[in-house]
Every structure is written in C-alpha cells, then in structure tokens.
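Structure assessment
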Number of protein chains: 2
Amino acid sequence: MSVTAPAGFEAAGVAVGLKSSGKPDVAVVVNRGPLKVGAAVFTSNRAKANPILWSEQAIADGVVEAIVLNSGGANCFTGSFGFQTTHQTAEKTAELLGAGAGDVLVCSTGLIGTGDEVFRAKVLHGVEEGIAALSGDGGEAASLAIMTTDSRPKRVVHSEDGWTIGGMAKGAGMLAPGLATMLVVLTTDAVLDSAEADAALRHATRVSFDRLDSDGCMSTNDQVSLLVSGASGIRPQAEAFREALAAVCFDLAEQLQSDAEGASHDIRIEVTHAASEDEAVDVGRSVARNNLFKAAIFGNDPNWGRVLAAIGTTTARFDPYDVDVWMNGVRVCTAGGPDRPREDVDLTPRATDLVIDLKAGDATAVILTNDLTHEYVHENSAYSS
Amino acid sequence: MSVTAPAGFEAAGVAVGLKSSGKPDVAVVVNRGPLKVGAAVFTSNRAKANPILWSEQAIADGVVEAIVLNSGGANCFTGSFGFQTTHQTAEKTAELLGAGAGDVLVCSTGLIGTGDEVFRAKVLHGVEEGIAALSGDGGEAASLAIMTTDSRPKRVVHSEDGWTIGGMAKGAGMLAPGLATMLVVLTTDAVLDSAEADAALRHATRVSFDRLDSDGCMSTNDQVSLLVSGASGIRPQAEAFREALAAVCFDLAEQLQSDAEGASHDIRIEVTHAASEDEAVDVGRSVARNNLFKAAIFGNDPNWGRVLAAIGTTTARFDPYDVDVWMNGVRVCTAGGPDRPREDVDLTPRATDLVIDLKAGDATAVILTNDLTHEYVHENSAYSS
C-alpha cells in the first residue's frame, strides 16, 4: 500500500515510454484530505535538477496537494527549457486537479542531461494518464513507477494510535549524505501543521537517509517529501510522531542499502564513545567512503588497519593509538594494536557489523554503507545513469 | 641510477625475507657528501606508523646522514615494541656508519599491524647487509627493494648547470593527498642549506604528490625525504632548483599514477578559471574521488553529468549552471547543458584528459587520478595490504 495506506491519499503509477523497457515511469500522489500540509528536504548538491529548483519554491508555504515523480530522465542540466518542463508538469497537474501549480511538487530521476521535447511530451502525457488512474490503493503502482536500477520497490507502513504513516522510496546507488540520493514520498493522515511536519521530517532524515552512504556520491535530484492529509482526525503527540517518522525513514534507508547496486555486504558502522554526535558521524563516514576498506569487506578480509587509516584522516577528538575495533562481534584491534586473530572473524554473511570505540565521550552514531564489488564497477561502468 | 645519480651518495637494496617472495626488501641510502642536509614531509594522517613518528623527530634539526627503508611490513599500530624496532633500526645504522641515530630516517611499508620480533630481527639484519652492500651505483637496487605491489620501479634523474637531482618512489594504490601515499627518496648534490631544502621540498610535494589522488585513501606511512650532499660544490639559483625539484616530483607522481593498482585509465583533471588555486584543487579532487565518474571512465563513458554532480558538492565559487566540461578535447557540456554528442569522445586511450572551466577567476590546478576498475576491486579485496 505504501503511500496510500494512510487515509486521504490517492496514487497511481503509469507507463508512458520514458523507460525503454516499457515499465511504469510516472507516479502521481494526491492529497485528498482535509489538510494540505507538506514538508520536503532536498539534496545539498549545488548542482540541482530542475524539479529540485521548482519544488524548493513550491514547498515554501508548507502547502502541498500533489506530487508527480518520473523515472527515465533527471531533467538536470537541461537549461531553461528543462525548468519550463517542470513548471508545465506542475501546471498540468494543478489544472486537472483544480489546484494551484504552486502546491504541486515534482521529482525526476534518471540520466543527467535528459530533458528534451520528447521527454516533456511524455511526462505531460504521464500526468494525464496518472491522474485518470488515481485510486485509493494506487500506492503499490506508484512505488513501481519510481524505480530506476532498483531490483525491488521500497515501501513501508506504520500505524499507531489511530494514525498511519506510509512511504515509498527509490534508489540503488549514488547514495550519499545530505541526503542519501533517492526520491522518497511519505504520507500521513495524522493532524500536523506545516511547522510540525517540517521539524519531524528534518529530524527523521538527519538520523536515517543522511547516514546512508553507499558510495559517497551525492545526486542532483534528491528529494524527500512528506504529505499530511489529517484525514484520521487525530493529532499525535509530537515526540511519538517524530520517532515513528524516524523509524519509518530508517526502515526505508535500510531497504535502499540492501538493494545498493552491486553490493554483497550491508555494512553497519557504529561509532561509540565519540566526543560529539557530529564527530561520530564524521568518523563513521570516513570509513564508509574508504574504497580500500570497502574492497576488503568484499573480499571477506577483516582489515582493521584500513579502518584506522580511514579514521586517522578526520579531525574528530580521539587518540588513534587508543581505539578498539570490533568486526562481527570480534575485537580485532584494541588500544591501537592487534587483538584477536583475523581468522576468528566470519565475514561471509551479508550483514556486516563494524564497531569503532573511540573512548572519547558519550556520543554514538550509526552509518550504513556497502562494500565495493565487481558488480558495482560493472553496473556503473556499463550503463549511463 | 636514481638516488645515486647525484655525486656523494651510496645506496643498496638487499633481500632479508620480509617479503615472502624472496625479493629485495631493505634499502639503504647514505649521504657521503660534505653536507648532511635533509628535509622531509610526512603523511597528514593522524594514524601514523612508528617510522613516521621517529622520522618526524629525526628531521627536526635538518641533518640527515642516511635513510633506511623496508617493504614487507608497515610497523604501524604495533605499539611501543614497534617504535623500539624503528629506534633500533636507526641506532644500528648509525653505529655501522659512525653517525648519530638522530641523523637516520626510517621508512616502512606493507601490512598495518605487522611488526613483531621476527620483523625486527629481519629489518636489523637488513641494515647490516645493506650497509655492507653500499655502492655508488646502488640506486637501482634500492629502488627495487622498496617496491610492494608496484609492477615496476619508479626512478628519475634530472641534471642542470652542474648539479643533479635523483629520486626513487614506491606506491601503487592508497594514493591520496597529504601526501599521495608512498615512499619517496630524493637526493641532490647541489649546495643547499636545510631551510632551502625544506622550502623546495614543500613546494614540490604541494604541486605533485599532493595532487595525485588515485583512490582517495591516505596511508599511515607516507614519507618524502630529500637528502642534500652538496658534492657538486654548486649552489643553484633558488628558483631553478625549486622548479627542477617540482618537475622531478611530478615525473615520479605520474609514474605512480600510471602504475596504480588495477587502473586502466590515467586521468588528468585540469580545473581552469577557478577563483583560487585551493578551490581549483578542491573541485578537481571532488571529481577524482567520485566512484561513479571513475567507473564511467573505466566503461569509456563520457558521463559529464557525474562531473557536474561531483563538483556541485564543493564550496568553491562558481555557477554550476555556467560550467564547461571537455573530455579528450571534446566540449561535452557548456553553460550547464549538453554540448557535443557523447559519441564524439574517444575514451579508449589510457591517457584521459578532463578539463573543467569554472569561469570564476584566473587560477588553475591539475589533479591526477585513475579509473575504478574490476582489477582495482580484485587487487584490494583478494590481498591484505
């Protein structure tokens, strides 16, 4: 069900030929509830796609009535023609729904530089087809239409005390912080105002998508949107909603991690006893971005020296000669020297658990990443994306 | 000839069993000239190997009489025992040469965590053997003894106006700035004082090894040392020596690049019209560290969208929608949009030329990197290093 699980939402996914495979490529999600509240966070990449430039303006007033997403073309670095395409997408959607264009968010994903007249015509056609196909159980179809190199759709539903959160995500690579690189739509029938929605979304993405760092590469088209229908009539406790939304986002982040292009290990890096949470994140990220470490994990090699070499490049406060490192429960390094033998570590499972104890404070952070594999190189060298 | 090309130097390379292959693994270079001037720069990684901790102290007075280098073990994260090993290495060398231990630099390379009693015994034996084998044409043997996964030795000689610079380097991966990760020994018979040697070396490494970024991974054992014998009796013009040393270092950097583990393309990234040289370096480095771009080059795919997505993550001053990108002489992107068709770009040659025109100022920088290949993943997953 994903985005149509909460009351007050309709969605659709249709195929209009943007994907050469003929698979669904345009998704529409419409808020039919009494509230039209929305919030969104965007890629921090300065090279932003046209839909990002549009949606940043559209979200400013905290009102969202619909969101249109297409795969099969990023509409990034396509100039003013590309921006007009996004604008026309919002206008066409608004016209058919009887809404204002400024209340329509737009997302695109696919190859950068794709956004010509053929692209525009197909997207606009997709809007017509999508709106005609809207239904209260269209969440599944929508989640299929946003897939690119994903091997499976990513969906989540969470219910609590009479209100529900639903979500869908796409992304299978180019996953890096600020945000992880992907499109996500979250819906809820809880009653929230736009400031509450914005605060909850920023907290949730900070501790989930922002800590997913599959390959260190940040996309130009990231967008995580939250649509609030209020159709349950229930106003949740702020803390309960905040934590539920964070859990939903972490669930989607793990789904993205486990489907990352070519990966053979899902690596959970837990940095403990850091002097601050930001420093814990920095330390975890330095390991997540170290190609030598990631290649070693692919080779089932518990190479803790590469962990220490990676964290030594950060400015976080800790003594590099007093760090403990665990791999899959085995302490391979203690106080800056070898501990248990490498042979004790079994890295054959896909789930890989790395713990780095900095002995410098009380803060902790978890970063999710993947290994560096032949398949990653193959998929990212053989296909343009 | 490498390090023994300038007058006043002797060198040797011997095999003492540190490498399981039985190949040479200990090198000694001795300054026999009237001057005993030295300078060195070290990895900026906070996780420093014991030889780095030793050599940082030894170089403080600007006097160097000899340098001992071993492959087959990094002596990093081996605790106080490892530091004593380095100390004993310097003392044994000094004793045999009739010098002071504080005038002996030490370098090690190999697997982190390797530095036990067997390692110590072999290294000390290597010092004895090496000093017994010293000769005025031992530069070639020395350059062979510092190799690890290198497929070939890296050597350079430059002569000018009666003085000569020689050099040798090892490194075939884990090449990243601050320094590129490798061991380098440079020698000269020019007459320089220690301040001049230090200034020239810092300039040379800044524009050469610091701009070689093969895989973004910084080692724990980097060291670039310059030994000055003064045996030519000639004092070069400061600017001439500075430029010659920079050219020698750039030559070695290119040799390291062309032998980087598993690479199939040597990528030269030239960033032009940046607002400052530092920003040009930042922009070039963001591309050199982008796995998606590097995988695309391996696949001979002129994917300029990945270049723009990479540089958009920097804080350098430029307009992301007014950037031009050339690949191998073809302008594939202009003013933030597509230009010449991708098919016009021939990426089959190993030498790959990327130019990024930021249109933001007058500064330029060149960064050297490699593509991300199946062989890179294979070599770094199948073998511990």
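Residues numbered from 1 in each chain as written. Chains lettered and ligands numbered in written order. Predicted model: local features only at pLDDT ≥ 70, side-chain atom pairs only at ≥ 80, totals over all residues. Heavy atoms only, no water.

**As for the relation of the copies chain B and chain A**
Of the transformation superimposing chain B on chain A, the axial component is 0.0 Å and the angular component is 180 degrees, with the fit at an RMSD of 0.1 Å. Those values place the two copies in the arrangement expected of a two-fold rotation axis. Distance from the rotation axis, computed per C-alpha, reaches its smallest value in chain B at His374 of chain B: 2.7 Å. Of all interface residues in chain B, 100% are interface residues in chain A too; the two copies therefore contact each other through one and the same surface. (Least-squares fit on C-alpha atoms with pLDDT ≥ 70 in both. Contact = heavy atoms within 4.5 Å.)

**Remarks on helix H5 (residues 194–206) of chain B**
Since the α-helix packs 3.6 residues into each turn, any two residues three or four apart lie on the same face. Residues and elements named next belong to chain B. With 13 residues, H5 extends 18 Å from end C-alpha to end C-alpha; this agrees with the ideal 18 Å at 1.5 Å per step. Buried within H5 are the following residues: Ala197, Ala200, Leu201, His203, Ala204 and Thr205. At its buried positions, H5 is contacted by strand S3 (37–42), strand S8 (183–188), strand S9 (223–228) and helix H6 (238–258). At the N-terminal boundary of H5, the capping side chain belongs to Asp193, with an oxygen 3.1 Å from the backbone nitrogen of Ala195. (Helix = DSSP H or I, 4+ residues; strand = E, 2+ residues; numbered from the N terminus. Expected span 1.5 Å × (residues − 1). Buried < 20%, exposed > 50% of the residue type's maximum accessible area, 1.4 Å probe, protein only. Polar contact = N/O pair within 3.5 Å; in protein donor to acceptor, adjacent residues only side chain to side chain.)

**Describing the sheet that holds S8 of chain B**
All names here are of chain B. Pairing in this open sheet of 5 strands is mixed, and the strands run S3-S9-S8-S7-S6 from one edge to the other. Strands with a single pairing partner mark the edges of an open sheet, and in this sheet they are S3 and strand S6 (154–160). Averaged over neighbouring strand pairs, the angle between their axes works out to 10 degrees when direction is ignored. The pairing of strand S7 (residues 163–170) with S8 spans 6 bridges and is antiparallel. Looking at S8, one finds that Gly167 is bridged to Leu186. Contacting S3, S8 and S9, H5 runs over the sheet at an angle of about 30 degrees to S3. Across the sheet, H6 is in contact with S6, S7, S8 and S9; its angle to S6 comes to roughly 160 degrees. (Pairing = 2+ DSSP bridges. Axes fitted to C-alpha atoms, helices over the stretch in contact; angles between N-to-C directions.)

**A word on unusual backbone geometry**
Located in the positive-phi region is Asn75 of chain A, a residue other than glycine, with phi close to 50 degrees. Tracing the chain through its elements places Asn75 of chain A in the loop between strand S4 (66–70) and helix H2 (79–97).

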